[in-house]
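Chain and residue survey
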Amino acid sequence: MAQKVRKAVFPVGGLGTRFLPATKAMPKEMLPVVDKPLIQYAVDEARDAGIEEFIFVTGRGKVTIEDHFDRSFELENTLEERGKDAALDTLAAHMPETGTVAYIRQREPLGLGHAVWCAKRYVGDEPFAVILADDLILSEKACLKQMMEAREELGGGNILASMEVANEHTSRYGIIKPGYDDGKKVEIQHLVEKPNPKDAPSNLAVIGRYILEPQVFDLLENQAKGAGNEIQLTDALSNLLKSSSFYGLRFEGTRYDCGDKVGFLQANIAFALNRPDMGREIANHIKELASTL
Ligand code: UTP
């Protein structure tokens, strides 16, 4: 049986430049989709997948994330006094237990690979998950849970969430050179970072969910800067591939790139349409707007 994955790392140290000016004084991960910040969706997904410890790699200007996962006595007292029980329950429902959350400051945003490396001492010598909150997934079953199940079937190893992308978009993603493929799980022979469509080995892209073996930390420790002058996680994964089993999982669900303005708006529409308390109203409004186009 594969060793249990108990810890998840949430790299939230990025600058979010694609979302300026919204992200000037507010972390991108606190942007709400309908009524929940992106980071809350990520933590809920991790919990659904059985994660017990939550490790945030933060940076300057990210303290609202810490406040979000903390008690707010003033607010709670006021809600209690006013008899707003439903609002109180909403606050309590998403709170991780005391002692299960850790925050590490990434002093400089040197890249995703560096952010993951910052969690090395907290993760220790065990497999762990990485969730990028700005990749939001609408699915019946949590994407990370699907990955955990695939990992059980495979008996362990590294698993990356993957999806088919349009050929002309391969230059936005890490792209998989596929080996054995059962239609859902695909063996990864090689990873190519942001290839031009003509050089791409497939159109199967890696998105922001990873289950990794701890050996990746040793590689990240010595990883030179890559694309964008940042320490890239994909470069370390490409090295780890030489000695470790790697699979991509074609997860069931739709992924929204909420680090991008259009993706974020699409996510808001899709999540709102999916909500029983507002879906109908939003659908009617979209129809109304569409009729004027
Ligand atoms: P992005 O590539 O989306 O970068 O990072 P970014 O800085 O957040 O946003 P843009 O491109 O400037 O708009 C992917 C993930 O890696 C984290 C980000 O917080 C995001 O979740 N990250 C990136 C870090 O934690 N530290 C870094 O140094 C870079």
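See above for the structure.
1. Details of the overall build of the protein chain
When you go through the protein chain residue by residue, the secondary structure sums to eleven helices and 13 strands. Dimensions of the protein chain along its principal axes, counting C-alpha atoms only, are 60 × 50 × 40 Å. Every one of the 293 residues in the protein chain was classed for burial, and the buried ones make up 47%. Of the contacts made within the protein chain by residues no fewer than 6 positions apart, 76% connect residues no fewer than 24 positions apart. Split by element, the accessible area of the protein chain, about 15,200 Å² in all, is 50% carbon and sulfur.

2. Considerations on the packing of aromatic side chains
Each aromatic ring pair is characterised by the separation of its centres together with the angle its planes make. Applying the stated criterion across every chain yields a total of eight aromatic pairs. Note on Phe10 and Phe54: the rings are 6.4 Å apart at their centroids and 20 degrees apart in plane angle, and the pair reads as stacked. With a gap of 44 residues between them, Phe10 in strand β1 (residues 7-11) and Phe54 in strand β4 (residues 53-58) connect regions that are remote in the sequence. Neither residue differs from the other here; Phe10 and Phe54 are each classed as buried. Over the ring of Tyr41 we find Lys36; its NZ or CZ atom is 4.3 Å from the centre of that ring.

3. Some thoughts on the site of the ligand
Taken together, 17 residues surround the ligand, and among them Gly13, Thr17, Arg18, Lys28 and Gln106 come closest. Here an oxygen atom of the ligand sits 3.5 Å away from a polar atom, N or O, in the main chain of Pro109. A distance of 3.3 Å separates an oxygen atom of the ligand from a polar atom in the backbone of Leu110. When the ligand is considered free in solution it has 560 Å² of accessible area, and contact with the protein chains removes 84% of it. When its residues are assigned to classes, the shell around the ligand shows seven nonpolar, six polar and four charged.

4. With respect to the environment of Ala42
Tracing the sequence through the fold places Ala42 in helix α1 (residues 38-48). You can call Ala42 buried: its relative accessible area is 3%. Between the C-alpha atoms of Ala42 and Ala236, which are 194 residues apart in sequence, the distance is 23 Å. With sequence-adjacent residues up to four places away left out, Ala42 is seen in contact with Phe10, Ile131 and Ala133.

5. Some points on a nonpolar patch on the surface
Among the surface-exposed residues, Ile269, Leu273 and Ile286 lie close enough to one another that they form a single nonpolar patch of about 230 Å² accessible area. Relative to the elements of secondary structure, Leu273 occurs in helix α10 (residues 261-273).

6. So, a negative patch on the surface
On the surface, a cluster of negative charge is made up of Glu80, Glu81, Asp85 and Asp89. Elements that contribute at least two residues to the negative patch include exactly α3 (73-81) and α4 (85-93). Note on placement: Asp85 falls in helix α4.

7. A word on the packing of α10 against helix α11 (residues 279-291)
Between α10 and α11, whose axes approach to 7 Å, the crossing angle comes to 130 degrees. In terms of orientation, α10 and α11 fall into the oblique class. Along its contact with α10, which presents Ile269, Ala272 and Leu273, the element α11 presents Gly279, Ile282, Ala283 and Ile286. Residue composition of the contact of α10 with α11, by class: six nonpolar, one polar and no charged.

8. A look at the nonpolar core
Inside soluble globular proteins, nonpolar side chains tend to come together where they are buried. Core analysis: the biggest nonpolar cluster contains 49 residues, and Phe10, Val33, Ile39, Ile51 and Leu144 have the highest contact counts within it. Element by element, the count of residues in this core is highest for α1, at six residues. Among all residues touching Leu144, those that are not within four sequence positions of it are Glu45, Ala46, Ala49, Ile51, Ala129, Ile131 and Ile211. In terms of nonpolar packing, the next biggest core, distinct from the first, is built from 30 residues, Ile55, Val57, Val123 and Ile188 among them.

9. Focus: the pairing of strand β12 (residues 246-250)
With respect to burial, β12 is a largely interior element, four of its five residues being buried. Here strand β8 (residues 158-164) runs beside β12; their pairing, made up of five bridges, is parallel. Paired with Ile159 across the bridge in β12 is Tyr247. The pairing of strand β10 (residues 185-193) with β12 spans three bridges and is classified as antiparallel. The partner of Lys185 across the bridge, within β12, is Leu249.

10. Some remarks on the side chain of Glu76
Take Glu76: it is sitting in helix α3. Residue Glu76 is classed as buried on the basis of its relative accessible area, which comes to 12%. Side chain to side chain, Glu76 and Arg71 meet in a polar contact 2.7 Å long.

Parameters and conventions
- Residues numbered from 1 in each chain as written.
- Predicted model: local features only at pLDDT ≥ 70, side-chain atom pairs only at ≥ 80, totals over all residues.
- Heavy atoms only, no water.
- Helix = DSSP H or I, 4+ residues; strand = E, 2+ residues; numbered from the N terminus.
- Buried < 20%, exposed > 50% of the residue type's maximum accessible area, 1.4 Å probe, protein only.
- Contact = heavy atoms within 4.5 Å.
- Areas by Shrake-Rupley, 256 points an atom, 1.4 Å probe, with all protein chains shown as cover.
- Phe/Tyr/Trp six-rings, centres within 6.5 Å; stacked < 30°, edge-to-face > 60°.
- Lys NZ or Arg CZ within 6 Å of the ring centre and 35° of its normal.
- Near = heavy atom within 4 Å.
- Polar contact = N/O pair within 3.5 Å; in protein donor to acceptor, adjacent residues only side chain to side chain.
- Nonpolar A, V, L, I, M, F, W, Y, C, P; charged D, E, K, R; others polar.
- Patch = residues over 30% accessible without salt bridge, like charges linked within 9 Å, V, L, I, M, F, W, Y side chains within 5 Å.
- Salt bridge = Lys/Arg side-chain N within 4 Å of Asp/Glu carboxyl O.
- Lys, Arg positive; Asp, Glu negative; His and termini not counted.
- Charge placed at Lys NZ, Arg CZ, Asp CG, Glu CD.
- Axes fitted to C-alpha atoms, helices over the stretch in contact; angles between N-to-C directions.
- Parallel < 35°, antiparallel > 145°, perpendicular 65-115°, else oblique.
- Core = buried A, V, L, I, M, F, W, Y, C linked by side-chain atoms within 4.5 Å.
- Pairing = 2+ DSSP bridges.

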